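# Structural features, examined
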Amino acid sequence: MIRSVITGCAGHLPDRVLTNADLAAMVDTSDEWIVARTGIRQRHIAAEGETTSDLAVQAATKAMEAAGVGADDIDLIVVATATPDNTFPATATTVQSRLGVRKGAAFDIQAVCSGFIYGLATVDNFLKAGQFDRALLIGAETFSRILDWEDRTTCVLFGDGAGAVVVEGQETAGGNDAPGVLTTHIHADGRHHDLLYVDGGPSKTQTVGHLRMSGKEVFKHAVTNLSAVINEALDATGLQADDIDWVVPHQANKRILDGTARKFGLDPDKVVVTVDRHGNTSAASVPLALAHAIGDGRIKKGDLLLLEAMGGGFTWGSSLVRW
Ligand code: UT7
């Protein structure tokens, strides 16, 4: 059977770091409040003129190097983003052009913070069906461009960045021990639009708009939905929480990460945490965290990874991956 195997992964962050102290000079907040409520200490912010596709191309180039593949080897590019360069065309087509990829398909996926998991589910199905051979999946965001920098309830939470993986269809024996994506699960519930949204858009306002969030409500839904979708992945594979070597979660709030780990009886040391340094980078956060834990040697061949995310829409999802 064909399985989708991740053969390269890398992240890219803009140079500029914005600390909690910097934010305390801009809005009525403090390092103490931000650290206690979110675990965030700093985030990276794109330079003027630096776009989502700039970050995406950097991450993709490094991921392709890690996988040992060139532009001719890629036939599908999916960019998960809620902050595209333009309303259209898809940022994925800009990335395709800049990487020198000349075949196959390229499109964006919009599932906000769950975008990478939605993208992984999409790419996995295309590869398993044999419609494409090798995909580049990128989560890339410049949320700094859609923040209301006078709203302390949201502007302290987010950052910019990109993470990318090369995923290829490989013949495997199947089963839970063979490398690759074992299972993916994605969900949406559009009734919760007003709890997390952007108050602008081409059709409604002809503006880009600003992010608006009812944080407490989102928090409650996040814990419930993430627990359900993690159980779904375990049930689908017959694996137990104990079998998980590393949780690579969407990085919205350290308290959500701790709460989810507690619920499954997982050692908090098994949860990859980058939210302290990156903030919430939306669709980029899972591949950035993955790249981080591969880079420092924590994730080793044969490890079982749980990827999960929840975001605006609401959308949420999970995946189990054998490394
Ligand atoms: O990635 C997509 C998914 N997103 C998430 O998962 C985010 C989920 N939500 C959260 O992470 C948390 O709800 C927040 C971090 C956004 C907020 O934490 P909270 O513990 O839910 O705080 P709160 O919103 O209930 O606010 C508590 C107090 C309020 O003051 P009063 O009304 O109690 O006087 C806020 O006005 O903290 C105040 N506050 C702040 N104070 C200092 C809100 N933002 C700030 C701030 N600095 N930046």
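Keep in mind that what you see is a predicted model, and the values were worked out from it rather than measured. (Residues numbered from 1 in each chain as written. Predicted model: local features only at pLDDT ≥ 70, side-chain atom pairs only at ≥ 80, totals over all residues. Heavy atoms only, no water.)

### Re the overall build of the protein
Helix and strand content of the protein: ten helices and 13 strands. Its C-alpha radius of gyration of 18 Å places the protein within 12% of the 20 Å reference for a compact globule of 323 residues. Seen through its principal axes, the protein has C-alpha atoms that stretch 55 × 45 × 40 Å. Carbon and sulfur atoms form 50% of the exposed surface of the protein, whose accessible area is close to 13200 Å². (Helix = DSSP H or I, 4+ residues; strand = E, 2+ residues; numbered from the N terminus. Rg over C-alpha atoms; globule rule 2.2 N^0.38 Å. Areas by Shrake-Rupley, 256 points an atom, 1.4 Å probe, with all protein chains shown as cover.)

### Focus: the site of the ligand
Close to the ligand lie 23 residues; Thr29, Arg37, Arg152, Asn253 and Asn280 are nearest. Note that a nitrogen atom of the ligand is positioned 2.6 Å from one of the side-chain N or O atoms of threonine 29. Asparagine 253 places a side-chain nitrogen or oxygen 2.6 Å from an oxygen atom of the ligand. Taken by itself the ligand offers 960 Å² of open surface, and the protein chains cover 75% of this. Looking at the shell around the ligand, the elements with two or more residues in it are helix 2 (31–38), helix 6 (152–155), helix 7 (215–237) and helix 8 (254–263). A total of four residues in the shell around the ligand trace back to one element, the largest contributor, which is helix 7. For the shell around the ligand, the residue count by class is eleven nonpolar, seven polar and five charged. (Near = heavy atom within 4 Å. Polar contact = N/O pair within 3.5 Å; in protein donor to acceptor, adjacent residues only side chain to side chain. Nonpolar A, V, L, I, M, F, W, Y, C, P; charged D, E, K, R; others polar.)

### Structural notes on the pairing of strand 5 (residues 105–109)
As judged from the five bridges shared by strand 4 (residues 76–80) and strand 5, these two strands associate in the parallel manner. In the strand pairing of strand 5, isoleucine 77 is matched with alanine 106. In the classification by handedness, the crossover that spans strand 4, the intervening helix 4 (residues 91–99) and the parallel strand 5 is right-handed. (Pairing = 2+ DSSP bridges. Right-handed = clockwise from strand over helix to strand, strands pointing away.)

### Comments concerning the domain arrangement of the protein
Entries for the protein in the domain assignment read domain 1 (2–171) and domain 2 (180–322). Centre-to-centre, using C-alpha coordinates, domain 1 lies 14 Å away from domain 2. Listed as interface residues are 50 residues of domain 1 and, on the opposing side, 49 residues of domain 2. Both faces combined, the contact of domain 1 with domain 2 buries some 3700 Å², and carbon together with sulfur accounts for 67% of it. When residues of domain 1 are sorted by the area they lose upon contact with domain 2, Cys113, Ile117 and Tyr118 head the list and together hold 17% of the total. Seen at the junction of domain 1 and domain 2, the total is one salt bridge. Ionic pairing is found between arginine 212 and aspartate 148, a salt bridge with its closest N-O pair at 3.0 Å. (Domains from an automatic or database assignment. Contact = heavy atoms within 4.5 Å. Buried area = accessible area lost by both parts, 1.4 Å probe. Salt bridge = Lys/Arg side-chain N within 4 Å of Asp/Glu carboxyl O.)

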